Amino acid sequence: MSSWHIPDDLRERYLEGALEPPLAMSVDAHLGRCADCRAAVPYDQDWLEESWARLETELITPRLSLAERLLRHGGVPDHLARLLSATPTMSRSWLAAVVAVLAFAVLAARAQAEYLPAFLIVAPVLPLAGIALAYGTRVDPAHELVAATPMSGPRLLLTRATAVLAVSAALAGLASPLLPAPPGLAAAWLLPALAAASGCLALSNRLPVPMAALSMGGVWLAIVGAGRFIGSWLAVFGPAPQIGYGVAAVLLTYRFYRVSAR
């Protein structure tokens, strides 16, 4: 078998692309081992060099996506910018969900001012949905690949959760001026959102991330329900509850760090 070479008729059919896939793969394998048969295959030297140059360019200096360029210009380290923009399909899914829910809440509040609590109630839940869609084997196509790197585990979860929270906060902040409410009230969702995201991170040490996000969403809705029972939907956005959300966010984030460092 070591002295066998590809017959002329088989080589012609191979070059024309007329071979069945199994036979074409066999010819490919033989060409990889046999210098004489490779020499008999005609090729354009300039085309070959240009193709290799393009391949090396893509592998060594790949074209940066718009999201990655923006992150780098914003001061995000190169490796984190690449990580955060590595799964655009996943990012688009939760980003579209955040935009859709915000648009619905803003339209409802502008249609009738009494629907303003709908925006304030929904906004803190948005980062939870994003975090649930930003980590885990079922939603992240690069999870197994990243799991073998130093960025895996809690550090990856915290990185993506921070990115989700920042983007969600920015989008909700842009939507706030469109609301029929004073700026202070329109921003009252920020600390509850931070506390809910921190609680999700803390629970992720014991529960899968989607379950942790769902649990914190339930806790938030229970808090809102309790406020409504007391007398007003807006009761949970007063000064005292805001202080509680801030303290809870700090304590829960600290707990996440402590448990993750063990």
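Rules used in this analysis
Residues numbered from 1 in each chain as written. Predicted model: local features only at pLDDT ≥ 70, side-chain atom pairs only at ≥ 80, totals over all residues. Heavy atoms only, no water. Helix = DSSP H or I, 4+ residues; strand = E, 2+ residues; numbered from the N terminus. Buried < 20%, exposed > 50% of the residue type's maximum accessible area, 1.4 Å probe, protein only. Contact = heavy atoms within 4.5 Å. Areas by Shrake-Rupley, 256 points an atom, 1.4 Å probe, with all protein chains shown as cover. Core = buried A, V, L, I, M, F, W, Y, C linked by side-chain atoms within 4.5 Å. Polar contact = N/O pair within 3.5 Å; in protein donor to acceptor, adjacent residues only side chain to side chain. Phe/Tyr/Trp six-rings, centres within 6.5 Å; stacked < 30°, edge-to-face > 60°. Axes fitted to C-alpha atoms, helices over the stretch in contact; angles between N-to-C directions. Parallel < 35°, antiparallel > 145°, perpendicular 65-115°, else oblique. Left-handed = near helix turned anticlockwise from the far one by under 90°. Nonpolar A, V, L, I, M, F, W, Y, C, P; charged D, E, K, R; others polar. Patch = residues over 30% accessible without salt bridge, like charges linked within 9 Å, V, L, I, M, F, W, Y side chains within 5 Å. Salt bridge = Lys/Arg side-chain N within 4 Å of Asp/Glu carboxyl O. Disulfide = S-S within 2.5 Å.

Enquirer: Sorry, what's going on with the overall build of the protein chain here?
Expert: Of regular secondary structure, the protein chain possesses 15 helices and zero strands. Looking at the 262 residues of the protein chain, the share that counts as buried comes to 34%. Considering only intrachain contacts with a sequence separation of at least 6, the fraction spanning at least 24 residues in the protein chain is 65%. For the protein chain, the exposed area adds up to about 15800 Å²; of that, 67% sits on carbon and sulfur atoms.

Enquirer: What's the story with the nonpolar core in this structure? I'm lost.
Expert: Soluble, globular proteins show a tendency: their nonpolar side chains are buried together. Ranked by size, the top nonpolar core spans 24 residues in total, and within it F119, W189 and W220 carry the most contacts. For this core, the secondary-structure elements that each account for two or more residues are α7 (88-111), α8 (116-122), α11 (154-175), α13 (190-203), α14 (209-230) and α15 (239-260). Per-element accounting of this core gives the leading share, five residues, to α7. Setting aside chain neighbours within four positions, we find W189 in contact with F119, L120, A123, P124, S168, A169, A172, G173, S176 and F237. In this structure, I6, L31, C37 and V41 belong to the second largest nonpolar core, which totals nine residues.

Enquirer: What am I meant to see in the side chain of Q242 here?
Expert: Of note, Q242 is situated in helix α15. Owing to a relative accessible area of 14%, Q242 belongs among the buried residues under this scheme. Looking at Q242, its side chain comes within polar contact range of the main-chain oxygen of A188, at 2.8 Å. At 3.4 Å, the side chain of Q242 forms a polar contact with the backbone oxygen of F237. Excluding residues within four positions of it along the chain, Q242 makes contact with A188, L191, P192 and F237.

Enquirer: What exactly am I supposed to notice about the packing of aromatic side chains here?
Expert: Two aromatic rings, taken as a pair, are described by how far apart their centres are and by the angle between their planes. Evaluation of the coordinates by the stated rule reveals two aromatic pairs. Between W220 and F237 the ring centres are 5.8 Å apart and the planes differ by 70°, which places this aromatic pair in the edge-to-face class. Of this pair, W220 sits in helix α14 while F237 sits in the loop between α14 and α15, and the two are 17 residues apart along the sequence. F237 shares its class with W220; the two are buried. Ring plane angle 70° and centroid distance 6.0 Å describe the contact between W220 and Y245, whose orientation is recorded as edge-to-face.

Enquirer: Got a minute to help me understand the environment of A196 in this structure?
Expert: By the secondary structure assignment, A196 is in helix α13. Among the residues examined, A196 registers a relative accessible area of 6% and is labelled buried. The contacts of A196, once residues within four sequence positions are left out, are P124, L128 and M216.

Enquirer: Sorry, what's going on with the packing of α13 against α14 here?
Expert: Working note: a packed helix pair is described by the angle between its axes plus the distance between those axes. It is at 8 Å that the axes of α13 and α14 come closest, and there the two elements cross at 140°. One element, α13, and the other, α14, form an angle in the oblique class. Crossing of α13 over α14 shows right-handed handedness. On α14, the residues touching P192, A195, A196, G199, C200 and L203 of α13 are V209, A212, A213, S215, M216 and W220. Class assignment of the residues belonging to the contact of α13 with α14 gives a composition of ten nonpolar, two polar and no charged.

Enquirer: Looking at this structure, I do not really get a nonpolar patch on the surface. What am I missing?
Expert: Judged by side-chain polarity, L95, V99 and V167 come together as a nonpolar surface patch covering roughly 200 Å² of accessible area. If you trace the backbone, V167 turns up in helix α11.

Enquirer: Could you clarify how one ought to interpret the side chain of H30 in this entry?
Expert: By the element assignment, H30 lies in helix α2 (residues 21-33). Apart from residues lying up to four places away in sequence, H30 is in contact with W4, H5, I6 and C37.

Enquirer: Where do I start with the state of the cysteines in this structure?
Expert: Simply put, the disulfide is a covalent bond whose two ends are the sulfur atoms of two cysteines. Per the counting criterion, the structure on display carries zero disulfides. The thiol sulfur of C34 is not disulfide-bonded, and the nearest other cysteine sulfur, from C37, lies at 3.6 Å. According to the relative accessible area criterion, C34 is buried, its value standing at 9%.

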